[in-house]
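# Tertiary structure, described
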Amino acid sequence: MAATSFFGRYEFFIWRLHSLTGLFPIGAYLVVHLAVNASVLSGPSTYQKNVYQIHSLESLLPIVEWLFVFLPILFHAILGVIIIRTSRPNPYRYRYASNFRYTLQRATGIIAFAFIVWHVFQMHGWFHFRPWVEHVVEPLHGAQFKPYNAASTLGVALHSPLMLTLYAIGVLSCVYHFVNGLWTMGITWGIWTSAQGQRRATRLCAILGVGLALLTGGVLYGVATVDTDAAKKIEDQMYKSRVESKDIRPNPEKVAQ
Amino acid sequence: MDAASKPDNPPRADVTLRILRQDGPGQASYWETHRVPYEREMNVVSALQKVAAQAKTVEGQNVAPVAWDCNCLEEVCGACTMLVNGRVRQACSALVDRLLEDRPDCIELAPMQKFPVVRDLVVDRSRLFRTLQKLNAWLPVDGYYDMGRGPLVSREEQEKAYPLSTCMACGCCVDACPQYNLIDEPRQDGESEEEYLARRNAQFDENFIGAFGINQVVLFNTHPTGRHTGKLRLEALLAPGGIQHCGNAQNCVRVCPKEIPLTTSIGQAGRAATIHSLQRWFDR
Amino acid sequence: MANKRVMIIGGGLAGLSAAMRLAEMGVAVDLMSLTPVRRSHSVCAQGGINSCSDLTRQAGDSEWKHFDDTVYGGDFLQHQPPVKEMAYWGPKIIDLMDRLGVPFNRTQEGYLDRRRFGGTMYPRTAFSGATTGQQLLYALDEQVRRWETEGRVKKYEFWDFLGPILDDQGVCRGCVGQDLVSMEIRAFPADAVVIASGGCGLVFGKSTMSMVCTGSAVSRAFQAGVKYGNPEFIQVHPTAIPGADKLRLMSESARGEGGRVWVPRRPQDHREPRTIPESERFYFLEERYPAYGNLVPRDIATREIFDVCVNEGLSVEADRQCVYLDLTHIAADELTRKLGGILHIYEKFQGVDPRFTPMKIFPAVHYSMGGLWTDYERTDEGGLRHGSPRNQVTNIPRLYAIGECDYQYHGANRLGANSLLSCIFSGLFVAPGIQTLLSNEPGPAASELPATLFAAAQRKHQQAFDGFLGRGKGDGNPYLLHQELGEVMTKVATVVRRNDQLREALATVDQLHERAQRCSLSDTGRWTNQNLVFARALLDMFPIAKSILNGALQRDECRGAHYKPEFEPKHLTAQDPAEHRRQAEQWCDDFEAQNRKWLKSTIATWNHDRQQPELTYEEIDASLIPPRPRLYGLAGAEEIEQVWKERTTSSTK
Ligand SMILES: Cc1cc2nc3c(=O)[nH]c(=O)nc-3n(C[C@H](O)[C@H](O)[C@H](O)COP(=O)(O)OP(=O)(O)OC[C@H]3O[C@@H](n4cnc5c(N)ncnc54)[C@H](O)[C@@H]3O)c2cc1C
Ligand code: HEM
Ligand code: HEM
Ligand code: SF4
Ligand code: F3S
Ligand code: FES
């Protein structure tokens, strides 16, 4: 990278920002997101309540989404791809655990990228711009998630074993990438420096990773076991009462047909 | 029973070496097989000496002797670094007996991967020395006149600094590092030596300094006198090609023959770099 | 002085300290080396560097005593003024190296820790783990890099020095070098050329030295007319690890930290060494030299080990000579802290942990006390005149020599940890003299001299190179010829020397020389041709080898490292006190006679036509410390010391 180019001059700053965005907001979002989705385990109504809460941001929501979720992910992912392109992993030549973890960090980054692009398209559609949704997203079976029919549309979207498997791969990749990223961050920012400290951190991150993996399992189990018809009834009921109590405005785009 | 008193009946008559050769920069590389008589306490350099002396392949073809670098033969100068059985290390301390235990059929030798090949196993590692220039890797003393002793240093500090200071710029750590890439910048026609060096150095300067360079920064920035110019080194650490390129693969610390705690240095340098960048930002 | 430049050949401790000091004084420096300077042979030095210190001073030490120990250790074969100057600079040099960041081991309070080395009673040796040379070299390398970055030093690494360029008056005006990568041959104008190319251990085939220590640069200067002093004085280090390609050193610091040398009293006792009880161990150095014990000077320790193995048949192994060097009585963690580096080497190359198993060691060629003849300017006090252009200059004006490759400081035997000092000292000290030379001497800079001078020199070496490459198939393999040379030299010119063997060896070496001149090259290319470079270096070993052999043959005495049993002073054998006394008197008479005849430096000059060295002898400036018997408190030789003491006190009365 030429030292005189913008990227060259701010290389350090940009790479540190990359590291930081991995934790915040992306990592934080990941944890909260998995936790919210895990609430599907306590039944469609709890889950729906949580989703209402999120969507109470109303017209602010797209701004929040773009500012705190999409843009950071895009930044982190695009720079991540650039970084990956400049590196030459060599896990076969040097078979050390740390080198495998390093290589996996790159691989899971790419899987995560693909997964997130697809996942957000599938659930959310990327943009809530009518013509885009009508002409592009819907014909491609995107934006399947309807916030006011949260559990049931989610359940339908992830109905097949194939879907569940793809999700398991995608989400676990994100989880690995996140916890291993935390570990490398600790060195990058100089939190754990000694070999011993780094070993201890490895254990900590591994525990966090196992925790998040279990959470993922919980979410997928919860989603796979949703009784979609029953859930839809409950959600429709909740929608009606909230519209009546004027808690929300009616919004057909957020309801399932 | 120890190695030195092993009985003399050698476990084998000869040793086979597969060597990746290249006649000059930019030329194609090719494998060649040599067989030399086995000798007790043999290492890869002594085997290569025999290869050079006989200059003949297994097929009986006379060839130019294999070129390689070495000097101290006791793993303290760093000259003889190459890939032995696929792994970067010093050839002089690669004991043939030990290698044959892991892989009995032959020993495979290849040049380092991250440096341009000059010939056969000889590579051009000037980039390492350029990195030391870029990092201000020296103490800013006033001069060489008699000015009394240096600053007092505690035993603990000395014991921390000494291992860092044993780096022989061998290049193992960078050769094994997936974040460190080959820069092969041949001289162009019509370019003067000065022009070429300037262009090449600029190229070096923009690319990763590697674990050994980061370690040098820590070494000098923890020395009482070195600290005086610590900021200069931190600036170099934050410059393009700086510490940010490290992706924590940690191969460096595993292959370093001097067992320098490189990843600790990387962590410490990371912390210093972070603090320095914030300071720079806010003190402006 | 603006366009004057100095060319330094070699970037070991000596070359780098000269470069650094010259650069500081504003002189433009070119630095040529076979290897990147950071990989120079000096990295191998393990044990440490000597000077008296505030601590030893309080135990009665002084610069003068360091000077005295050095001269006594060298068996009085050095000119004393340079040695004195060096000893007095010792503390300052260590201070400087400390300031340059060498991580010397520390005391609890933070001062430099010291250990005791051979040939002295004081712990003078400052050390940095067991890789002192490496640490010193790196500190200098870093300073030179600093000047390189500022443009005052230009390095030519992977260049081979082919010879000096002399003008019609025989003044050195530059040198010719060859790029070892592209094989380009180039003439470098220089207003002074400093040779700092280190030792010549490869003349002996295997030694403790590095692979570039061929002595080629020295030999090329010698063949160009520089005198060579004391060639026959080769130090054989008592403790090295036998090996196939190199005899790796086990530093004297192992003994400095308390290591003990012994053999089982029963020949080739097969028991585990640690199970052999004390009473069945023969600590021969401690028994024979109760005062110095394991820390006698190297020549003595070497001869005793050699003697125990070869003459008494007490070698630990039957099929190869070796004795135990034992550290196992010292706490393992202390060993790691103080000797980690060298113990690591042993473990790495032998696969045995010396902290728990005694090491097996045997003497090996280690250092050349002799080297290029150099001058100095004496002050009235018996030191050197600072800034004199005569210091370190060879007999060719403007051609200097420093470091291991000069003959100045160590006489007939070098004391451990004195060489790092002499290298840095001569490097630092030569610089002001050269500066004086460049600023005082009128006349044009070398770069302004007629280009024909340089073109002619370049052409001469180019033709030699082309001729070498193009002369078609020869016979004889340079690598095998080198082995043969090494075997001959090691057999006859190391620990024990005999005139009949030396004569025979001279004939063999002459033959080898002729064969080497006809040797065949297996590589005739013009790119990184190591084959040719080696063959050329081999050819240049012969002038040195011949000088060593001739010097040894001529010198019919025992002095320091040069030991000829035929001429050994007789031991005191008589039991009867009067007779014993008479023998001691006789011993001292012989000693005085021997000094009258042989207390002289050997000076070799190369006769190109005969392809042989010619020897002359040079008086020694021993004006500061009168020579005395060098006995190191040998048990049974007390009477000699007594007689000598009486003689000297009566003569000064
Ligand atoms: C194993 C070992 C341990 C030692 N330990 C100690 C110790 O503890 N204490 C102590 O005081 N001394 C010790 N010594 C001795 C000491 O290390 C050396 O005497 C000293 O390092 C020599 O330094 P130098 O600068 O003269 O030469 P070197 O360090 O040998 O450098 C020579 C330089 O000349 C260059 N050169 C040579 N030939 C040519 C050529 N033809 N063209 C261009 N360049 C050339 C080389 O590339 C190199 O840069 C030890 C020696 C050995 C072998
Ligand atoms: C699920 C979303 C993601 C999270 C939570 C996340 C988190 C992190 C974290 C915490 C780090 C550590 C940074 C450091 O070492 O300092 C990191 C590093 C990295 N991420 Fe991500 N990341 C995510 C998505 C991605 C994507 C989509 C890519 C690109 C394909 C990517 C590529 C990388 C790379 C290459 C690194 C290593 C950077 C380095 O070591 O220099 N990440 N990530
Ligand atoms: C089993 C796991 C997961 C489930 C069930 C799940 C479910 C959902 C649902 C239902 C939505 C739509 C929310 C909405 O539009 O209001 C959504 C959106 C989103 N998901 Fe996931 N998700 C999972 C895993 C992940 C992972 C691992 C990531 C990676 C970081 C991720 C990133 C996102 C993003 C960026 C959005 C769009 C932003 C938003 O709408 O808030 N999801 N997910
Ligand atoms: S840090 Fe270790 S591996 Fe890297 S150059 Fe230095 S000695 Fe070699
Ligand atoms: S191997 Fe390379 S990526 Fe960093 S931890 Fe070491 S420098
Ligand atoms: S030759 Fe010096 S490290 Fe191998």
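These numbers were taken from a predicted model, which means no experiment stands behind them.

### Topic: the overall build of chain B
A count of helical and extended segments in chain B gives ten helices and seven strands. Taken over the C-alpha atoms alone, chain B extends approximately 70 × 60 × 40 Å along its principal axes. Going through the 284 residues of chain B one by one, you find that 62% of them count as buried. Intrachain contacts of chain B at a sequence separation of at least 6 include 66% that bridge at least 24 residues. Surface summary for chain B: the accessible area is close to 11,100 Å², and the carbon and sulfur share equals 50%.

### Focus on the overall build of chain A
Per the secondary structure count, chain A includes ten helices and zero strands. Mapped in sequence order, the helices and strands of chain A form the string α-α-α-α-α-α-α-α-α-α. Principal-axis analysis of the C-alpha atoms places the extent of chain A at approximately 60 × 40 × 30 Å. Here chain A holds 257 residues, and the buried ones make up 47% of them. Once local pairs closer than 6 in sequence are excluded, the contacts in chain A between residues at least 24 apart make up 69%. In the structure as shown, chain A presents an accessible area of about 13,500 Å², 71% of it carried by carbon and sulfur atoms. Of the charged side chains in chain A, 21 are positive and 12 negative, and the gap between their average positions amounts to 19 Å.

### Focus on the site of ligand 3
Residues and elements named next belong to chain A. Around ligand 3, the structure places 21 residues, and the nearest of them are Tyr29, His33, Asn37, His55 and His119. Within the side chain of Asn37, a nitrogen or oxygen atom sits 3.5 Å from a nitrogen atom of ligand 3. His119 has a polar side-chain atom sitting 2.7 Å from a nitrogen atom of ligand 3. Elements with a contribution of two residues or more to the shell around ligand 3: α2 (11-38), α3 (44-55), α4 (60-86), α5 (97-123), α8 (161-188) and α9 (195-224). Per-element accounting of the shell around ligand 3 gives the leading share, five residues, to α5.

### Observations regarding the coordination of the iron atom of ligand 3
All names here are of chain A. Protein-derived coordination of the iron atom of ligand 3 comes from His33 (NE2) and His119 (NE2), at a distance range of 2.0 Å. Taken together, the six donor atoms coordinating the iron atom of ligand 3 and their angles of 88 to 180 degrees define a geometry best described as octahedral. Of this pair, His33 sits in helix α2 while His119 sits in helix α5, and the two are 86 residues apart along the sequence.

### Regarding the coordination of the iron atom of ligand 2
Residue and element names in this part refer to chain A. Protein-derived coordination of the iron atom of ligand 2 comes from His76 (NE2) and His177 (NE2), at a distance range of 1.9 to 2.0 Å. Around the iron atom of ligand 2 sit six donor atoms, and with donor-metal-donor angles ranging over 84 to 179 degrees the site reads as octahedral. Of this pair, His76 sits in helix α4 while His177 is found in helix α8, placing the two residues 101 residues apart along the sequence. When its relative accessible area of 18% is taken as the criterion, His177 is described as buried.

### Some points on the interface of chain C and chain B
Every contact between the two is made by 79 residues of chain C and, on the other side, 79 residues of chain B. Roughly 6,700 Å² of surface becomes buried between chain C and chain B when both sides are summed, with 50% attributable to carbon and sulfur atoms. Connecting chain C to chain B are seven salt bridges. When the shortest N-O distance is used, the salt bridge between Glu75(B) and Lys348(C) registers 2.6 Å. Elements with a contribution of two residues or more to the side of chain C that touches chain B: α1 (13-24), α4 (80-99), α5 (132-149), β13 (248-249), α10 (332-350) and α15 (530-554) of chain C.

### Looking at the packing of aromatic side chains
Going through the model one piece at a time under the given rule, you end up with 34 aromatic pairs over all chains. With 5.8 Å between their ring centres and 0 degrees between their planes, Phe13(A) and Trp281(B) make a pair best called stacked. On the criterion of chain membership, the pair formed by Phe13(A) in helix α2 and Trp281(B) in helix α10 (residues 262-283) is interchain, its members lying in two chains. Given a relative accessible area of 44%, Phe13(A) falls into the partly exposed group.

### A few points about the packing of helix α12 (residues 451-470) of chain C against α15(C)
Residue and element names in this part refer to chain C. The interhelical angle for the contact between α12 and α15, taken along N-to-C directions, is 110 degrees, at an axis separation of 11 Å. Classed by the angle they form, the pair α12 and α15 counts as roughly perpendicular. Each of Phe465, Phe468 and Leu469 in α12 lies in contact with α15, whose residues at this interface are Leu532, Ala535, Arg536 and Leu539. A breakdown of the residues in the contact of α12 with α15 according to their chemical character gives six nonpolar, no polar and one charged.

### Focus on the arrangement of the chains
The interface with the highest contact count, out of two pairs of chains in contact, is the one between chains B and C. Between chain A and chain C there is no contact, and the shortest C-alpha to C-alpha distance separating them is 20 Å.

### Let's talk about the sheet that holds strand β1 (residues 5-9) of chain C
Two strands in a sheet stick together by hydrogen bonds in their backbones, pointing the same way (parallel) or opposite ways (antiparallel). Residue and element names in this part refer to chain C. Here we have five strands laid out as an open sheet, ordered β6-β2-β1-β10-β19, and parallel in their pairing. With partners counted over all chains shown, the strands left at the sheet margins are β6 (153-157) and β19 (399-401), one partner each. Averaged over neighbouring strand pairs, the angle between their axes works out to 20 degrees when direction is ignored. Examined bridge by bridge, strand β10 (residues 192-195) and β19 share three bridges and lie parallel to one another. Bridged to Ile195 within β19 is Ala401. Across the sheet, α5 lies against β2 (28-33) and β6, angled at about 115 degrees from β6, the strand it touches most.

### With respect to the sheet that holds strand β4 (residues 114-115) of chain C
All names here are of chain C. Taking strand neighbours across the sheet as the criterion, the three strands line up as β3-β5-β4 in an open arrangement whose pairing is antiparallel. Two strands lie at the open edges of the sheet, namely β3 (49-50) and β4, each paired on one side alone. For β4 and strand β5 (residues 125-126), the ladder comprises two bridges, and the chain directions are antiparallel. Across the sheet, residue Arg115 finds its bridge partner in β5, namely Thr125.

### A short note on α10(B)
Over its 22 residues, α10(B) extends 30 Å from the first C-alpha to the last, a length consistent with the 32 Å expected when each residue adds 1.5 Å. When α10(B) is considered as a whole, its buried residues turn out to be Leu262(B), Thr263(B), Thr264(B), Ser265(B), Ile266(B), Gly267(B), Ala269(B), Gly270(B), Ala273(B), Thr274(B), His276(B) and Ser277(B).

### A look at the pattern of salt bridges
Pairing is possible between side chains that carry opposite charge, provided their charged atoms lie close to one another. Throughout the structure, instances matching the rule amount to 81 salt bridges over all chains. Between Lys232(A) and Asp236(A) there is a salt bridge, with the nearest N and O atoms lying 3.1 Å from each other. One end of the pair, Lys232(A), and the other, Asp236(A), are both in helix α10 (residues 228-244), four residues apart, so they sit about a helical turn from each other. Residues joined by salt bridges that share partners form a network here, namely Arg581(C), Glu585(C), Asp589(C), Glu592(C), Glu639(C), Glu646(C) and Arg647(C).

### Quick notes on the site of ligand 5
In the vicinity of ligand 5, the contacting residues are Cys177(B), Gln179(B), Ala211(B), Cys246(B), Gly247(B), Asn248(B), Ala249(B), Gln250(B), Asn251(B), Cys252(B) and Ile266(B). A breakdown of the residues in the shell around ligand 5 according to their chemical character gives six nonpolar, five polar and no charged.

### A short note on the confidence of the model for chain B
When pLDDT is averaged across chain B, the result is 94; 96% of the residues are at 70 or more. Model confidence for the complex: the whole-complex pTM is 0.96, and ipTM, which rates the interface, is 0.95.

### Comments concerning the interface of chain A and chain B
On the side of chain B, 35 residues touch chain A, which itself brings 32 residues to the contact. Summed over both partners, the interface of chain A with chain B buries about 2,900 Å², with 49% contributed by carbon and sulfur atoms. A per-residue breakdown of the area chain A buries against chain B is headed by Phe12(A), Tyr94(A) and Tyr96(A), which together make up 24% of the total. Counting every contact that joins chain A to chain B gives 21 residue pairs in polar contact (both at pLDDT 80 or more). Those elements giving two or more residues to the side of chain A that touches chain B turn out to be α2, α4, α5, α8 and α9 of chain A. A class-by-class count of the residues in the side of chain A that touches chain B yields 15 nonpolar, twelve polar and five charged.

### Things to note about the nonpolar core
All names here are of chain C. If you look at the biggest cluster of nonpolar residues, it comprises 160 residues, and the most contacted ones within it are Ile49 and Met97. Ranked by residue count, the leading element in this core is helix α11 (residues 419-440), at twelve residues. In this view, Met97 contacts Val102, Phe104, Leu136, Ala139, Leu140 and Ile424; residues no more than four positions away in its chain are not counted.

### Some thoughts on a nonpolar patch on the surface
A cluster of nonpolar residues, Phe6(A), Tyr10(A), Phe13(A), Leu17(A), Leu20(A), Leu278(B), Trp281(B) and Phe282(B), forms a patch on the protein surface that exposes about 870 Å² of accessible area. Counting only elements with at least two residues in the nonpolar patch, the list comes to α2 of chain A together with α10 of chain B.

### Digging into the side chain of Glu191(B)
Here Glu191(B) is to be found in the loop between α5 (172-175) and α6 (193-206). With near-sequence residues (within four places) excluded, Glu191(B) lies in contact with Tyr196(B) and Arg199(B).

Definitions and cut-offs
Residues numbered from 1 in each chain as written. Chains lettered and ligands numbered in written order. Predicted model: local features only at pLDDT ≥ 70, side-chain atom pairs only at ≥ 80, totals over all residues. Heavy atoms only, no water. Helix = DSSP H or I, 4+ residues; strand = E, 2+ residues; numbered from the N terminus. Buried < 20%, exposed > 50% of the residue type's maximum accessible area, 1.4 Å probe, protein only. Contact = heavy atoms within 4.5 Å. Areas by Shrake-Rupley, 256 points an atom, 1.4 Å probe, with all protein chains shown as cover. Lys, Arg positive; Asp, Glu negative; His and termini not counted. Charge placed at Lys NZ, Arg CZ, Asp CG, Glu CD. Near = heavy atom within 4 Å. Polar contact = N/O pair within 3.5 Å; in protein donor to acceptor, adjacent residues only side chain to side chain. Donors = N, O, S within 2.8 Å, 3.2 Å for Na, K, Ca; no water. Tetrahedral: all angles 85-135°; square planar, octahedral: opposite > 155°, others 65-115°. Buried area = accessible area lost by both parts, 1.4 Å probe. Salt bridge = Lys/Arg side-chain N within 4 Å of Asp/Glu carboxyl O. Phe/Tyr/Trp six-rings, centres within 6.5 Å; stacked < 30°, edge-to-face > 60°. Axes fitted to C-alpha atoms, helices over the stretch in contact; angles between N-to-C directions. Parallel < 35°, antiparallel > 145°, perpendicular 65-115°, else oblique. Nonpolar A, V, L, I, M, F, W, Y, C, P; charged D, E, K, R; others polar. Pairing = 2+ DSSP bridges. Expected span 1.5 Å × (residues − 1). pLDDT = per-residue confidence, 0-100. Core = buried A, V, L, I, M, F, W, Y, C linked by side-chain atoms within 4.5 Å. Patch = residues over 30% accessible without salt bridge, like charges linked within 9 Å, V, L, I, M, F, W, Y side chains within 5 Å.

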